[in-house]
Amino acid sequence: MKKILIIPAYNEEDNIINVVTNLNKWHPDYDYIVVNDGSTDNTRRLLIENNVEFINLPINLGFSGAVQTGYRYAYENDYDVAIQFDGDGQHLPEFIDTLVDEVLTGTDIAIGSRFIDSKKDWSMRMIGSRLISICTFLVTGRKLSDPTSGMRAVGKKVMKVFSENLDFIAEPDTNVYLLKNKYNLKEVSVDMKDREAGESHFSNPINSVSYMIKILISILFVQSMRSED
Amino acid sequence: MELQLQLLIIFAAVLTYLYILYQIKKMNVNVKDTVVWFLFALLLIVMSLIPNLLVKITHLLGFEILSNFVFFFFIGLMFLVIFRQSLQISNLEKKLKKLAQEVAIRDYKDEKK
């Protein structure tokens, strides 16, 4: 059974080495691949110095393009399970196995959810998450507790979709697409940490609003109409 | 249509034509991407030479005045052109992304050998 962790990294000099070291400690049996998305800081140098396995994108493709590179690599190299894992230290390695187990029992995609057992607060971020949940429900009839989660494990079928289909905004609209096309999707309870260092893309409110608009339009008007045949 | 206006439009069309030729010569633009602009220029000339045609269409379609129809028509045409460009840009992005990914994955594999 070949398993690979995909770790996208854009300007993560403060976190990436910790993340990889931590993963290696917890899961020496997993392959991993860091995708350096044209970082402009010392990420690349650190990856080389620490002998980290990484694919180096010559230009910055953005998050989804970077993750996709990982899925392509995984699919082309015949991995059975691919796990998407953030390079900023928010995801915790101890929860990977529960996701992978879910995929091994036949789920097409297992998503790590922070909110199966705990309540969402009313911060802007969580209001956004609720809004995405509502729209997802409207379109697919499924309630996802954590639709924006970027921690997920996928089997071969979804790996193929992600490596070939170039046209998603981010996680929430991929969920809608997969649900619409009858892929088997399950949420699994996980904890996440706040990011350890560095700036989030969403600390800028303009980015957040633009993200929300794009995601909601994609969910409501595009993915809802999109089928594979 | 006033004679000055007719001359002005023809002048604009000829200028457009020369400008496109100049850009093609400098190799700033592919010939196939200039077709729509040539057609534009041609359309301008037809409009100025046969103004009656335009008036007839205006009434046929139920516009009250000629200028309304002309605005409507050209704005519609512009939308079409812009959308086509949007398609081209998306296509380029897709190709660029694929290229970058292929190169990156190949590099990684080569290094591992």
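This one's a predicted model, so the numbers in the text were calculated from it and none came from an experiment. (Residues numbered from 1 in each chain as written. Chains lettered and ligands numbered in written order. Predicted model: local features only at pLDDT ≥ 70, side-chain atom pairs only at ≥ 80, totals over all residues. Heavy atoms only, no water.)

(A) Inspection of the overall build of chain A at higher detail. Looking only at helices and strands, chain A has eight helices and seven strands in total. For chain A, whose C-alpha radius of gyration is 17 Å, the value lies close to the compact-globule estimate of 17 Å for 229 residues. Overall size of chain A, expressed as C-alpha extent along the three principal axes, is 50 × 40 × 35 Å. With 229 residues in all, chain A has 52% of them scored as buried. The contacts of chain A with a sequence gap of at least 6 include a subset with a gap of at least 24, amounting to 75%. Roughly 10700 Å² of accessible area belongs to chain A as shown, and the carbon and sulfur atoms make up 53% of that amount. Averaging the positions of the 24 positive and the 33 negative side-chain charges in chain A gives two centres separated by 6 Å. (Helix = DSSP H or I, 4+ residues; strand = E, 2+ residues; numbered from the N terminus. Rg over C-alpha atoms; globule rule 2.2 N^0.38 Å. Buried < 20%, exposed > 50% of the residue type's maximum accessible area, 1.4 Å probe, protein only. Contact = heavy atoms within 4.5 Å. Areas by Shrake-Rupley, 256 points an atom, 1.4 Å probe, with all protein chains shown as cover. Lys, Arg positive; Asp, Glu negative; His and termini not counted. Charge placed at Lys NZ, Arg CZ, Asp CG, Glu CD.)

(B) Structural context of the overall build of chain B. Summing up its helical and strand segments, chain B has four helices and zero strands in all. For chain B, the α and β elements follow one another from N to C terminus as α-α-α-α. For chain B, whose C-alpha radius of gyration is 22 Å, the value lies well above the compact-globule estimate of 13 Å for 113 residues. The 113 residues of chain B split such that 20% are buried.

(C) Structural context of the nonpolar core. Core analysis: the biggest nonpolar cluster contains 32 residues, and Y71, Y73, A82, I109, V154 and F162 of chain A have the highest contact counts within it. For this core, the elements supplying multiple residues, two or more each, are β1 (3-9), β2 (31-37), β3 (54-57), α3 (63-76), β5 (109-113), α6 (156-164) and α7 (171-180) of chain A together with α4 (66-112) of chain B. A total of five residues in this core trace back to one element, the largest contributor, which is α3 of chain A. When neighbours within four sequence positions are excluded, F162 of chain A is seen to be in contact with Q68, Y71, I109, R152, V154, F168, T174 and L178 of chain A. (Core = buried A, V, L, I, M, F, W, Y, C linked by side-chain atoms within 4.5 Å.)

(D) Highlighting the interface of chain B and chain A. Facing the 13 residues of chain B at the interface are 18 residues of chain A. For the pairing of chain B and chain A, the buried interface totals around 1400 Å² over both sides, and the portion due to carbon and sulfur atoms is 64%. The largest share of the area that chain B buries against chain A comes from K97, Q101 and Y108 of chain B, three residues that together contribute 44% of it. Put simply, chain B and chain A have two salt bridges between them. Between E76 of chain A and K109 of chain B there is a salt bridge, with the nearest N and O atoms lying 3.9 Å from each other. Applying the counting criterion to the chain B and chain A interface returns six residue pairs in polar contact (both at pLDDT 80 or more). Looking at the side of chain B that touches chain A, its residues break down into six nonpolar, one polar and six charged. (Buried area = accessible area lost by both parts, 1.4 Å probe. Salt bridge = Lys/Arg side-chain N within 4 Å of Asp/Glu carboxyl O. Polar contact = N/O pair within 3.5 Å; in protein donor to acceptor, adjacent residues only side chain to side chain. Nonpolar A, V, L, I, M, F, W, Y, C, P; charged D, E, K, R; others polar.)

(E) Representation of a nonpolar patch on the surface within the structure. All names here are of chain A. On the surface, L131, I134, L138, V209, I213, I217, L220, F221 and V222 cluster together into a nonpolar patch covering about 830 Å² of accessible area. Mapped onto the nonpolar patch, the elements with two or more residues apiece are α5 (124-140) and α8 (205-222). Position of V222 relative to the elements: it lies in helix α8. (Patch = residues over 30% accessible without salt bridge, like charges linked within 9 Å, V, L, I, M, F, W, Y side chains within 5 Å.)

(F) Highlighting α5 of chain A. Residue and element names in this part refer to chain A. Taking 1.5 Å per residue, 17 residues should reach 24 Å; α5 reaches 24 Å between its end C-alpha atoms and fits that length. Those residues of α5 that sit buried are M126, G128, S129, I132, S133, C135, T136 and V139. Those residues of α5 hidden inside the fold are in contact with α7 and α8. (Expected span 1.5 Å × (residues − 1).)

(G) Here's a closer look at the packing of α5 of chain A against α7 of chain A. Residue and element names in this part refer to chain A. Look at α5 against α7: their axes get within 10 Å of each other, and the N-to-C directions meet at 20°. In terms of orientation, α5 and α7 fall into the roughly parallel class. Between α5 and α7 the crossing geometry is right-handed. For the pair formed by α5 and α7, the contact residues are I132, T136, V139 and T140 on the first element and P172, V176, L179 and K180 on the second. By residue class, the composition of the contact of α5 with α7 is five nonpolar, two polar and one charged. (Axes fitted to C-alpha atoms, helices over the stretch in contact; angles between N-to-C directions. Parallel < 35°, antiparallel > 145°, perpendicular 65-115°, else oblique. Left-handed = near helix turned anticlockwise from the far one by under 90°.)

(H) Main features of α6 of chain A. Within the span of α6 of chain A, buried status applies to V158, M159, V161, F162 and S163 of chain A. Residues of α6 of chain A that are buried make contact with α3, β4 (81-84), β5, β6 (152-154) and α7 of chain A.

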